[in-house]
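Here is what each chain is made of, one letter per residue.
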Amino acid sequence: MFDNRPTFEPTGPLQERWKKHLFDLSLIAPQNRAKHKIIVVGTGLAGASLCATLGEMGYHVNSFCFQDSPRRAHSIAAQGGINAAKNYQNDGDSVWRLFYDTIKGGDFRARESNVYRLAELSVNIIDQAVAQGVPFAREYSGYLANRSFGGAQVSRTFYARGQTGQQLLLGAYQAMSRQIAAGTVKHHSRSEMLELIKIDGKARGIVVRDLVSGEINSHIADCVVLCTGGYGNAFYLSTNAKGCNTSATWRAHKHGAYFANPSFIQIHPTCIPQSGESQSKLTLMSESLRNDGRIWAPKNSQDCSKNPSDIAAADRDYFLERLYPAFANLVPRDIASRALKNICDDGNGVGVKIHGQRRGVYLDFADAINNLGEDKIREKYGNLFEMYQRITGDNPYKTPMKIYPAVHYTMGGLWVDYNLMTSIDGLFAGGEANFSDHGANRLGASALMQGLADGYFILPQTVASYLAQGKFAKVDDKHPAVIEALNAVKTRLERLQNAPKPKHSPDYFHQQLGKILWESCGMSRKGAILKQAIKQIDALQIQFWQHIKITGIDAELNQTLERAGRVADFIELGRLMCADALDREESCGCHARTEHLSKDGEAQRNDEEFAYVSAWESGDKNAILHKEFLAFEFIQPTIRNYK
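Residues numbered from 1 in each chain as written. Predicted model: local features only at pLDDT ≥ 70, side-chain atom pairs only at ≥ 80, totals over all residues. Heavy atoms only, no water.

Engineer: Explain the overall build of the chain to me, please; I cannot follow it from the model alone.
Structural biologist: On a plain count of helices and strands, the chain comes out with 16 helices and 21 strands. What you see for the chain is a C-alpha radius of gyration of 24 Å, in line with the 26 Å of a compact globule of 643 residues. Considering only C-alpha atoms, the chain reaches an extent of 75 × 60 × 50 Å along its principal axes. For the chain, long-range pairs separated by at least 24 residues make up 74% of all intrachain contacts whose partners lie at least 6 apart in sequence. (Helix = DSSP H or I, 4+ residues; strand = E, 2+ residues; numbered from the N terminus. Rg over C-alpha atoms; globule rule 2.2 N^0.38 Å. Contact = heavy atoms within 4.5 Å.)

Below you can see the structure in the form of C-alpha cells.
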C-alpha cells in the first residue's frame, strides 16, 4: 500500500524520536550547500520561514507566490494566537499536555510521532519569534502574556492583540528579505504554479504563469517544497482569502502525490454570519473572543426576532455552558460548531434568514465588561471589535456579536512521511498544504505553530538530508519532461479559453460547487447525500468544460482565466472530498456522519475499522485509496469528552 517508501514514523521512546532522527539525518557541509537549488512555493509562515532558514544556511532558493508580496499570504489573517508549552502561567502545562490535547482534539486520527514533535518544537518557536522582535503581548511584569483557547484547560496561547498572524509573518518576511538582499533567495511575486516537473520519478521543478504578463516559464531545482495553504475555498464561502486555492497541491496529486484525509474540513464556530446570497466571502472573528464572550441563543423561538437586550436572562440558553460544563465556551471548534448548528436547526437562531433559517447565535461581552471594565476588554480585543463594527454596523460593546460556523481550515492535504516528503521523491509539503499534525480537527492557535515548526525547524533538516543522499542530473529547459510540462499548461489554458458553448463565469460554477459541498460535506454528512453529491459534481464538471466563459486573452493580466483554472481543480478535489467522506463510515472530529452520532449528537468513532489516514492516489476514473494505519503506543484513544 505504501510500497518502497521509507518508514514514516520512527520508533523508540517518544521523547527521543525527533532527537534521534535528527542525528540520523544526512548532512551537507556548509561549503557544499550553494551547489543545491531548492524551489519553495508559497510565502506564508511555513514558506517564508523556510526560505529564510534555507537561505541563512547557504542554499540557493527560488521562492514563488501569486500575491503581489509575500506579506499578503493568508497567514496574515490569523488573529488569535500561537500555542506553545512554555507553562508561563504555572497552571500545569507541559510538552506532554500539549501533545495530549492535540491528539485528543484531532479525535485520535493523527500520528503520535508527528504531534509530539510539534509540541516539543513549540517552545523553540516562541524564542525564535521574540528574537526577531515579534511584539507579543506582555504582562505588567514584562513576561509574555498567555490566554486560553478551545480544547485546553491551560493558558498556552501567545498573542499580539488580534494580529498574531500578521506579526509572525512580518517576522518571517523580514528574515526572508535579509536573504533576498544577500542573494541566497530569489523571489518571484505574482507567479502561480500551474504544473509540477517530474524527471526520473523525482520532483525537479515547476511551471509558473506570470499573472501580470501571462508569460509561462519553467524553473528547475533539486527539489520542490509546497507551502501553499489549504483548500477551504472549494466551498466558495469560507474565511479564506479569495485567492486561496488548491491548484499547486492538486497538480502534484495528478502527478502521483497522495492526497490525505481530504474530507477533514474544519468549520470555525466564531464567524460573522452570511448576510445575503450575493456574498463572496465570510469573515472570521478570533476564537480568543470565547475567553470572555458568552455564547447564547433565545430559549424560545418567538424571541429570535427581538432585540437581545429585551430578552431576559432567564430566557437565554447558554448552551455550551449547559452542554459542556468543564470547558464551556472553550470547547474545540468542531464540537462548538455542531452545537451552534443544532441550535439554529431547532429554530432558535438569530439574525437574517438564509434559505428560511436564522443562522446565528449571540457572542455576548456584557458580563465581561461589567466584571473587568470596558477599558480592559478594549485593550484585549479592541481591533477585533472595531473590525466587527465596520463590517456589521453593530457596536459589540453595546450589543452582542452574532456568530455562525463557516469553513475555515483543512486538516487534509498532501500525504507526507515523518520527513514531510510526499509520495513523490523530492517533493515536500509544509504547513496547511500537508495533512500531518491535526488529525480530524485542529485546535485553535495550532496552525501558526505547525507552519513555523515546519519552516524553521523540520524542513531545513529533512530537505538537506534528501539532497545529501542523491545525485541530481543536470537539467535545462530543453529536457523533454520540461517541454512536456510547458505544453501541458498551454494546452489546459487553451481548453479553458475555448469552451464549445461559453456561457458562465468561473464564479457561477464555483458557487454551484460550494452549495453542493456545504450541503453534503459540511458540518454534517450522510451516505445517500454524499453519493448524490458525487453525481452532481460529475455533472457540474461536464458543464464547466462545456460552458466556461473566459474574457480576454492569456498573454496578459487575466483574473477570469486564473479563477477558471482554480475552479476546475476545486471541482475535481470536491469530488474526492465527498468520496473520502463516503468511505469513512464513522464520525470523528469535524467528520460528522449522521449515521454515526450518539443520541446527544456527539461523534462516534470506529477505531477498529477506521483508525487510519486515507491516502488517495490519482486514478484514471476514480482515485485509489491507500490506508496508513495509526498505532497508538502512548495515548489510548478514548471517548472524546469535554463535559
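Engineer: When you look at the nonpolar core in this model, what are you seeing that I'm missing?
Structural biologist: Nonpolar side chains tend to gather and get buried jointly when the protein is soluble and globular. Membership of the largest hydrophobic core comes to 173 residues, with the highest contact counts inside it found for I82 and F544. The residues that make up this core include at least three from each of domain 1 (269-407) and domain 2 (488-619). Beyond its immediate stretch of four places on either side in the chain, F544 contacts L496, F509, A564, V567, A568 and I571. (Core = buried A, V, L, I, M, F, W, Y, C linked by side-chain atoms within 4.5 Å. Buried < 20%, exposed > 50% of the residue type's maximum accessible area, 1.4 Å probe, protein only. Domains from an automatic or database assignment.)

Engineer: How should the sheet that holds strand β7 (residues 202-210) be read in this particular structure?
Structural biologist: Strand pairing in a sheet relies on backbone hydrogen bonds, with the paired strands running either antiparallel or parallel. Strands sit in the order β6-β7-β8 across an open sheet of 3 strands; the sheet is antiparallel. Unpaired on one side and paired on the other, β6 (191-199) and β8 (216-220) mark the two borders of the sheet. Between one strand axis and the next, the sheet turns by 25 degrees as a mean value, whatever way the strands run. (Pairing = 2+ DSSP bridges. Axes fitted to C-alpha atoms, helices over the stretch in contact; angles between N-to-C directions.)

Engineer: How should the sheet that holds strand β13 (residues 316-317) be read in this particular structure?
Structural biologist: Pairing is antiparallel in the open sheet, where 5 strands are placed in the order β11-β17-β16-β12-β13. Looking at the sheet topology across the chains shown, the edges are occupied by β11 (265-271) and β13. Both strand β12 (residues 294-298) and strand β16 (residues 361-364) contribute to a ladder of 3 bridges, which runs antiparallel. The residue of β16 that forms the bridge with R294 is D364.

Engineer: Sorry, what's going on with unusual backbone geometry here?
Structural biologist: Leaving glycine out, the prevailing phi sign among residues is negative, and the prevailing peptide bond configuration is trans. One non-glycine residue, N87, lies in the positive phi region at around 55 degrees. With respect to the element layout, N87 can be found in the loop between β3 (82-83) and α3 (95-105). Note on N87: relative accessible area 26%, which makes it partly exposed. Unusually for a residue other than glycine, A328 sits at a positive phi of about 55 degrees. Within the secondary structure layout, A328 lies in the loop between α7 (319-323) and α8 (333-345).

Engineer: Whenever I open this one, the pairing of strand β9 (residues 223-226) confuses me. Can you help?
Structural biologist: Sheet faces and side chains relate simply in a regular strand, where the side chains alternate between the two faces. Going residue by residue along β9, you find C223 and V225 tucked away on one face and V224 and L226 tucked away on the opposite face as well. As defined by bridge partners, strand β1 (residues 37-41) adjoins β9 across 4 bridges and the pair is classed as parallel. Within the sheet, the bridge partner assigned to I38 lies in β9 and is C223. Strand direction decides the pairing type here: β9 and strand β19 (residues 427-429), joined by 3 bridges, are parallel.

Engineer: What am I meant to see in the domain arrangement of the chain here?
Structural biologist: Interfaces are often sized by the accessible area lost when the parts come together. Domain annotation of the chain identifies domain 1 (269-407) and domain 2 (488-619). In this structure, domain 1 and domain 2 have C-alpha centres spaced 30 Å apart. The interface of domain 1 with domain 2 comprises 11 residues on the first partner and 10 residues on the second. Overall, the association of domain 1 and domain 2 removes approximately 870 Å² of surface from exposure, summing both partners, and the carbon and sulfur fraction of that is 52%. Linking domain 1 with domain 2 are 0 salt bridges, by the criterion used here. Joining domain 1 to domain 2, the criterion identifies 2 residue pairs in polar contact (both at pLDDT 80 or more). Residue assignment for the side of domain 1 that touches domain 2 shows that the elements contributing at least two residues are α8 and β17 (401-410). Examining the composition of the side of domain 1 that touches domain 2, we find that 5 residues originate from one element, α8, more than from any other. Here the side of domain 1 that touches domain 2 is composed, by residue class, of 5 nonpolar, 1 polar and 5 charged. (Buried area = accessible area lost by both parts, 1.4 Å probe. Salt bridge = Lys/Arg side-chain N within 4 Å of Asp/Glu carboxyl O. Polar contact = N/O pair within 3.5 Å; in protein donor to acceptor, adjacent residues only side chain to side chain. Nonpolar A, V, L, I, M, F, W, Y, C, P; charged D, E, K, R; others polar.)

Engineer: Hey, could you run me through the layout of surface pockets in this one?
Structural biologist: To find leftover empty space, one rolls a probe the size of a water molecule over the atoms. For the second largest pocket, the calculated volume is near 460 Å³. Considering the residues around the second largest pocket, the lining is formed by 22 residues, among which L237, Q274, R359, K515 and W518 are closest to the centre. Of all the secondary structure elements, the ones that give two or more residues to the lining of the second largest pocket are β17 and α13 (506-521). Per element, the largest residue contribution to the lining of the second largest pocket is 6 residues, and it comes from α13. Here the lining of the second largest pocket is built from residues that sort into 12 nonpolar, 6 polar and 4 charged. Both domain 1 (269-407) and domain 2 (488-619) contribute no fewer than three residues apiece to the lining of the second largest pocket. (1 Å grid on protein atoms, 1.4 Å probe; cavity = no way out; pocket = protein on both sides within 12 Å on 5 of 7 lines; lining within 4 Å. Points joined across faces, edges and corners; volume = space filled by probe spheres on them.)

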